[in-house]
Every structure is written in structure tokens, then in C-alpha cells.
Amino acid sequence: MRQTWRWFGPLDRVSIDDMLQAGVEGVVTALHHVPTGEVWTPAEIAGRQAELSLMSDGAPSGLKWEVVESLPVSEDIKKQKGDWRRHIDNYKTSMANLAEAGIETICYNFMPVLDWTRTDLAYRLKTGATCMRFDYADFAAFDIHILKRPGAHEDFAEDVRAEADRQFGEMDEARKAELAKNIVFGLPGAAESFTLEDVRRHLAEYATISAEGLRAHFIDFLEEVTPVAEDLGLRLCCHPDDPPFGLLGLPRVMSTEADYGAMMKAVDSPANGITLCSGSLGVRPDNDLPGMMERLGDRVHFLHLRNVHRESANIAGSFYESEHLGGDTDMVALMAAAIAEERGRKAAGRADWNIPFRPDHGLDILDDQKRRAQPGYPAIGRLKGLAELRGILKALDR
């Protein structure tokens, strides 16, 4: 398993020097500053590669851009409105430019409106470490009382509504503003961010799009870009919904093993693959992560290894990001399944036998709390997670 690290570019408070000291082998990054739907030009791609190639003192880093995360899919494509056809053409051009630069793996997602969603970005644990958390009642309070989405009240069970009303009643104005900001936070370093009015506008445009409709749009997108990926020698890998259940009345189509199975069956190509995120998928108690790796592993092109602690047994419920070996996913079993998949690929002569993974997210510990990197992406917390994952690899890979 190839050890990689996510980097958000020159403004990232975790530097190239930090990555090298962590001992990673490759870099996961993206051109976050390029507006979604526009072309990633050869010059911009080369610029990011050049930034990665040097340490702060000008010495060669030896690091290369190995995985794109993410080449974003525009809301126009997901809704099939506005500039969606031009955006698909631009997506194909960006893919060709990435392939020309020697990059072979592209992670993306098909989540409508919001990317990953959390209600707390620095939830304090008993140890004093902080992490990201999703509080279901807080989210309901946002949806019902802050966003004031039509029909939101009916989307939550009576006990969740009662707790949401109680929690909202205890919030001061600062907490209400913080909660709204956290939920519409968006991707770290992204060119765009949403306001509440932006969210309301997008929700109105999704009002007529069912889960079946969104899945059809997804398949249309895949039918366009997957043949191009095959021709270019690229591997596309879709990240799951985060969290993997319905929010804001929006359809979600990449939350379960069945969702991935339907996606791969609809466009049956090795280039149409999976980013298996153990944290996102692990939020649902009915997702069997080691089993998914065993059954779908030949199409897993990228792994996000992180863990969560579920606070209920419900499909939709509260959770927080835990230590990599401390949550509800059996990380040892998952990595054992990944290693078995790699061995099978190597025996079959597959060039892509070595699956890239990164220690996804991490607790803010020690000096992380002073550095204030992007939420979920501290230096020391991720290094701790990577060290733990390396321990598993060492024990299993014999």
C-alpha cells in the first residue's frame, strides 16, 4: 500500500517539509483555486508539480503529485442544467491535461450542493484533543430554524425535532452563526464557498430531482468521461457521500455497497472505480468495510483510511472522528483485505497493484491546536494516524 498525504497548496499550514518528515511516498492534491467547471490548464498543473518538487530551502523534495483530489463535478453537471455540457467537455480536457502530466488517478464525488458536512470543526474530547463532529440534532436545528427549509420539520423524527428545538433554544447568536458556517464550510482551499442564500437556491433547483434522477445524471456523466479515461490510461474513483445518508431533502446516491455496485454495473469499465473512504462509509452501521474491500476491491483505486465513533445505531445519527484505530471500523480487517487485493493484483500482473492510501483526517493534538491547519488535516494528528496504520501494515504484510 502506497503512503500518500493530502496537501492543499502553498497556503496549507502543513508544508512540503512536514510531509517529507512524515515519510510519505506521494502527494494527493488539486487545483482548488480553479473555479469548478473550468479547465485545468497544463500551465496550472505544471505549476503545482513545481511547487511540490522543492523543500522550503530549495532542495529537491523528491515528491510527486500522484492522486488528484478532487477534480470537482459541477452542480450544473449534477443537475443537468445551465453550462453542464460545456463543463463535461472541460472535464475531459482537464483529464487529458492531467494524463499528459503523468498523473493517473482522479478522485471526485457526486454529492449534491454540500461536500462533507459537519456541525463542529473542533469538538473537544476528554483528552483535550479536538476533532470534527456531526451532531444530528444540531443539524436538524440548522435545517429547521436557521436555513428554514420548507418541509424540513417533517424530515426528522419527533424525538430529533424535540432535541433540535431544545438545542437551538440554548444557542446564542455566535453559536448559530458558527453552526451555519460549519455546515456550509465546503472544501478547504476551494475557489467557491456558499452562503445560506446559495444553499437555498440550489435546493430549489434540486426540488424536482429524485434519487433516481440524480443517479441517471451520474451515469450520463460516467458514460461521457469513462471512455476518455480508458483511452488516456486514467483511473477515476468516486468518493462516497459524507455522511452517507440524506441531508436537506437532497438525494444521495453513493452511500452503500449497493450504490457502488449499481454505478459499476451501469458503466462496467476498470477505469470507473472507487475511492473507498472508511470514515464516510463507516458512519453507517450497515456498511461492512472489510467485506466491501473483498467484494469490490478490484475497482478500488484509492483508499481513505480514517475512523469514526457512531453515537447511535441509527442509519442517520451523530458521530465524531476518532483515532484511526479507535472507532467503529475494524481497521486491521480492512487493511488485511486491501493487502490481499494487492497480492492478487500483483500475481495477475496488474500495473496498478500498489493501491495508494492516505491517513484521512486526524485529531488536532499537541501543537496542531496552535497551527490551526484546515479542519481535519492537522500535521501531528495525521502523522499519529499514519504511524498506527504503518504498524498494521508491518504486522500484516509478511
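Everything below is about the structure printed above this text.
Residues numbered from 1 in each chain as written. Predicted model: local features only at pLDDT ≥ 70, side-chain atom pairs only at ≥ 80, totals over all residues. Heavy atoms only, no water.

Draft legend 1. Broad picture of the overall build of the chain. Summing up its helical and strand segments, the chain has 15 helices and 12 strands in all. The C-alpha atoms of the chain give 20 Å as radius of gyration, which agrees with the globular expectation for 398 residues (21 Å, within 12%). Oriented by its inertia axes, the alpha-carbon framework of the chain measures out at about 55 × 50 × 40 Å. Counting all 398 residues of the chain, 56% fall into the buried class. Across the chain, contacts joining residues at least 24 apart in sequence account for 71% of those joining residues at least 6 apart. About 16300 Å² of surface is accessible on the chain, with carbon and sulfur atoms providing 51% of the total. The positive charge centre, built from 46 side chains, and the negative charge centre, built from 64, are 2 Å apart in the chain. (Helix = DSSP H or I, 4+ residues; strand = E, 2+ residues; numbered from the N terminus. Rg over C-alpha atoms; globule rule 2.2 N^0.38 Å. Buried < 20%, exposed > 50% of the residue type's maximum accessible area, 1.4 Å probe, protein only. Contact = heavy atoms within 4.5 Å. Areas by Shrake-Rupley, 256 points an atom, 1.4 Å probe, with all protein chains shown as cover. Lys, Arg positive; Asp, Glu negative; His and termini not counted. Charge placed at Lys NZ, Arg CZ, Asp CG, Glu CD.)

Draft legend 2. View of the nonpolar core. Among the nonpolar cores identified, the biggest contains 102 residues, and Trp40, Phe218, Phe221, Leu248, Leu276 and Leu303 are the most heavily contacted of them. In terms of residue count, the dominant contributor to this core is helix H5 (residues 136-146) (7 residues). Contacts of phenylalanine 221, omitting those with residues within four sequence positions, involve Val73, Ile77, Ile88, Tyr91, Tyr108 and Phe110. (Core = buried A, V, L, I, M, F, W, Y, C linked by side-chain atoms within 4.5 Å.)

Draft legend 3. How the structure looks around the sheet that holds strand S9 (residues 300-305). The parallel closed barrel is built from 8 strands, whose spatial order is S1-S2-S3-S4-S7-S8-S9-S12. The sheet shows a mean angle of 30° between the axes of neighbouring strands, taken without regard to direction. In terms of strand pairing, strand S2 (residues 26-29) meets strand S3 (residues 65-69) through 3 bridges, oriented parallel. When the sheet's bridge partners are listed, valine 27 is paired in S3 with tryptophan 65. Packed on one face of the sheet, helix H2 (residues 42-52) meets S2 and S3 and runs near 125° to S3. Running at roughly 160° to strand S8 (residues 272-277), helix H12 (residues 289-296) makes contact with S8 and S9 of the sheet. (Pairing = 2+ DSSP bridges. Axes fitted to C-alpha atoms, helices over the stretch in contact; angles between N-to-C directions.)

Draft legend 4. A look at the packing of aromatic side chains. With the rule as written, the count across this model stands at 15 aromatic pairs. Put simply, the rings of Phe134, Tyr136, Phe139, Phe142, Phe156, Phe245 and Phe319 pair up and form one aromatic cluster. The side chain of arginine 133 reaches across the aromatic face of tyrosine 123, ending 4.7 Å from its centre. (Phe/Tyr/Trp six-rings, centres within 6.5 Å; stacked < 30°, edge-to-face > 60°. Lys NZ or Arg CZ within 6 Å of the ring centre and 35° of its normal.)

Draft legend 5. Region of the structure containing helix H8 (residues 196-206). Listed as buried for H8 are Val199, His202, Leu203 and Tyr206. On an axial view of H8, the arc spanned by its buried residues comes to 100°, and they lie on one face. Relative to its buried face, H8 has exposed residues pointing more than 90 degrees away, namely Glu197 and Ala204. Buried-residue contacts for H8 involve helix H3 (75-79) and helix H9 (211-232). (Arc of directions from axis to C-beta.)

Draft legend 6. Inspection of the pattern of salt bridges at higher detail. As enumerated under the stated definition, the model contains 40 salt bridges in all. Between glutamate 323 and lysine 384 there is a salt bridge, and its shortest N-O distance comes to 3.1 Å. Of the two residues, glutamate 323 sits in the loop between strand S11 (319-322) and helix H13 (331-348) while lysine 384 sits in helix H15 (residues 379-396), which places them 61 residues apart along the sequence. Assessed through its relative accessible area of 39%, glutamate 323 is described here as partly exposed. Between aspartate 360 and arginine 358 there is a salt bridge, and its shortest N-O distance comes to 2.7 Å. Assigned by exposure class, aspartate 360 and arginine 358 land together as buried. One continuous salt-bridge network, built from bridges that share partners, spans Arg6, Glu69, Arg118, Asp242, Arg306, Glu321, Arg358 and Asp360. (Salt bridge = Lys/Arg side-chain N within 4 Å of Asp/Glu carboxyl O.)

Draft legend 7. Representation of the sheet that holds strand S6 (residues 130-134) in the model. Taken together, 4 strands build an open sheet; the order of strands is S5-S6-S11-S10 and the sheet is antiparallel. A strand with exactly one partner marks an edge of an open sheet, and here the two such strands are strand S5 (120-124) and strand S10 (307-310). Averaged over neighbouring strand pairs, the angle between their axes works out to 40° when direction is ignored. Note that S6 and S11 share 2 bridges and pair antiparallel. Bridge pairing in S11 links phenylalanine 134 to phenylalanine 319.

Draft legend 8. Spotlight on the pairing of strand S7 (residues 235-239). Most of S7 sits inside the fold, with 5 of its 5 residues counted as buried. Of the two faces of S7, both are covered, the one formed by Arg235, Cys237 and His239 as well as the one formed by Leu236 and Cys238. As paired elements, strand S4 (residues 105-109) and S7 share 5 bridges and run parallel to each other. Paired with asparagine 109 across the strands is histidine 239, a residue of S7. Pairing between S7 and S8: 3 bridges, direction parallel. Counted as the bridge partner of cysteine 237 is glycine 273 from S8. Handedness of the crossover joining S7 and S8 through helix H10 (residues 257-266): right-handed. (Right-handed = clockwise from strand over helix to strand, strands pointing away.)

Any functional reading would require information that these geometric values do not contain.
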